[in-house]
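# Report on the structure
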Amino acid sequence: MVGLQWGDEGKGKVVDLLTADHDVIVRYNGGANAGHTVVIGEEKYALHLLPSGILSGGKICVIGNGVVVDPEMLLSEIEGIRSRGIEINAGNLLISDRAHVVMPYHKEHDAALERVLSSAIDDSGPGLSIGTTKRGIGPAYADKVHRSLAIRMGELADADHLRSRLEVICAIRTRELDALGVEAPPLDPHELAERYSEYGRLLENHITDTVYALHDFRNNGRSILFEGANACLLDIDHGTFPYVTSSNCSTLGIPAGTGLPAPCADEVVGIMKAYTTRVGAGPFPTEDTGPIGERIRERGNEYGTTTGRPRRCGWLDLVAVRYSAMICGATSIACMLLDVLSGFDELKICSSYRLPDGTVTDRFIPDARRLLNAEPIWETVPGWAEEIDTSQNRSDLPPEALAYLDRIQEILGLPIHLVSVGPERTQTLAGSPCG
Ligand code: IMP
């Protein structure tokens with residue numbers, strides 16, 4: 001399952017529903033920048049690094065090699081989940097020894113660079129800061145690609161090895177942070193080595209070669225659910241670069257982030273909201289900065305799970321979703337938060353863009369500078385007045401809501417297999433909206 005917009009599509013709920021039909025749940029990309037919210041009865045869980053399947057008993061959860069792991073955050077997430085009576089042990093949580101470690105200096109670098117860039121002058125309009133989650137994601141992936149200063153989970157528990165690596169790393173990082181204007185004492189390799197090797201020891205039983213483990217699961221007929229984090233339009237290669245995250249969060253990231261060769265999945269559930277949101281900077285053609293966007297934000301509680309930031313909101317951009325569905329090979333759609341759209345007289349759908357030279361295109365423009373100039377061409381459809389959050393079946397939905405879903409299917413050329421009308425597991429309508 002994979003998000004088809006700019007994140008926050010409601011993936012936590014879908015992965016929780018799909019978990020029931022799978023044995024193994026795998027995260028393959030991203031890190032603690034992700035925030036998957038799962039509501040079970042009265043309990044609300046916000047997960048950042050742990051695969052959401054951890055909330056269901058009897059499942060094996062895997063943090064694949066493509067993830068960047070902040071061990072401090074992971075341990076506190078594990079503690080938080082355990083304190084609510086959920087078992088986490090070496091058998092149900094496997095962490096790749098090849099996953100890269102997010103260190104404190106990555107987070108400092110992330111925040112400092114954003115600070116410097118937000119005051120830099122840019123001639124292209126949107127500004128240079130990305131609006132990151134400041135979880136150190138970019139600097140950690142940069143270290144991975146840069147190689148010599150990177151640390152992987154498999155190295156963490158070896159204190160002597162870690163200390164000798166950190167002596168070099170800290171000397172270089174201190175100078176870099178200083179150049180970015182961070183006023184702090186020099187990084188202390190001894191303190192960091194002690195603290196992080198202790199984290200390594202605490203996680204040691206979980207750290208393993210997940211590539212062989214996943215191949216074994218597959219060869220033994222276990223069903224595997226790949227839990228995409230962030231979303232396709234934030235993909236480092238295929239998203240709205242440079243306003244993206246630093247991993248392949250489309251399904252194209254699965255083979256590299258797990259070690260399972262493509263094609264990995266028999267089915268790809270593409271998850272979209274019934275409207276569009278975005279956090280952080282970057283172009284967003286259907287954004288509404290007026291009362292419509294405000295109403296969507298309030299009704300949809302559109303505030304970040306990870307950072308609490310208000311999300312930018314607007315009507316549904318199906319040019320973007322159709323592109324993401326193509327990149328990800330979606331075989332069906334889950335349409336989330338349909339209930340948020342109750343009470344609008346009319347709704348708008350964008351299915352093509354007008355470009356500055358007057359041409360019309362139904363192709364997405366994944367280059368941020370060019371996308372900025374794309375003007376949405378709207379289709380206006382009737383809205384519905386009634387609340388739909390207590391609907392039990394598709395047939396309970398007002399005809400205008402069914403027509404809205406129908407139009408989405410038509411434009412995407414894909415069936416909507418799941419419609420969500422609220423955060424609870426029970427507020428889910430399965431089956432075709434066309435009956
Ligand atoms: P980073 O991943 O923290 O480097 O942030 C890069 C961009 O991706 C920023 O605009 C973030 O707001 C956005 N982003 C990263 N992860 C998520 C997510 O899970 N949901 C929504 N936006 C995200």
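Notes on the structure follow. (Residues numbered from 1 in each chain as written. Predicted model: local features only at pLDDT ≥ 70, side-chain atom pairs only at ≥ 80, totals over all residues. Heavy atoms only, no water.)

### Regarding the nonpolar core
Membership of the largest hydrophobic core comes to 69 residues, with the highest contact counts inside it found for Leu338 and Tyr404. Ranked by residue count, the leading element in this core is helix H10 (residues 318-328), at eight residues. Aside from chain neighbours lying at most four places away, what touches Tyr404 is Ala274, Leu316, Leu338, Leu341, Leu347, Ile349, Val381 and Trp384. Counting residues in hydrophobic clusters, the runner-up holds 55 residues, among them Leu55, Leu166, Tyr196 and Ala334. (Core = buried A, V, L, I, M, F, W, Y, C linked by side-chain atoms within 4.5 Å. Buried < 20%, exposed > 50% of the residue type's maximum accessible area, 1.4 Å probe, protein only. Helix = DSSP H or I, 4+ residues; strand = E, 2+ residues; numbered from the N terminus. Contact = heavy atoms within 4.5 Å.)

### Description of the site of the ligand
In the neighbourhood of the ligand, 16 residues make up the surrounding shell, with Asn33, Thr133, Asn230, Thr245 and Arg309 lying closest. At 2.8 Å from an oxygen atom of the ligand is found a side-chain nitrogen or oxygen belonging to Asn33. Contact between the ligand and Thr133: an oxygen atom at 2.5 Å from a side-chain N or O atom of the residue. Calculation on the ligand without its partners gives an accessible area of 470 Å², and the protein chains cover 97% of this total. Residues of the shell around the ligand, tallied by class, amount to six nonpolar, eight polar and two charged. No fewer than three residues from each of domain 1 (100-206) and domain 2 (266-435) sit in the shell around the ligand. (Near = heavy atom within 4 Å. Polar contact = N/O pair within 3.5 Å; in protein donor to acceptor, adjacent residues only side chain to side chain. Areas by Shrake-Rupley, 256 points an atom, 1.4 Å probe, with all protein chains shown as cover. Nonpolar A, V, L, I, M, F, W, Y, C, P; charged D, E, K, R; others polar. Domains from an automatic or database assignment.)

### Structural notes on the environment of Gly30
Tracing the backbone shows Gly30 in the loop between strand E2 (24-27) and strand E3 (36-40). For the pair Gly30 and Tyr212, spaced 182 residues apart in sequence, the C-alpha to C-alpha distance is 21 Å. Not counting residues within four places of it along the chain, the set of residues in contact with Gly30 comprises Gly66, Val67, Val68, Tyr141, Asn230 and Ser247.

### Brief notes about the sheet that holds strand E20 (residues 428-430)
One open sheet accounts for five strands, arranged E1-E11-E15-E19-E20; its pairing is mixed. Looking at which strands have only one partner, the edges of the open sheet turn out to be strand E1 (2-3) and E20. As paired strands, E1 and strand E11 (residues 269-273) are joined by two bridges and run parallel to one another. Considered in E11, the bridge of Val2 is made with Gly270. (Pairing = 2+ DSSP bridges.)

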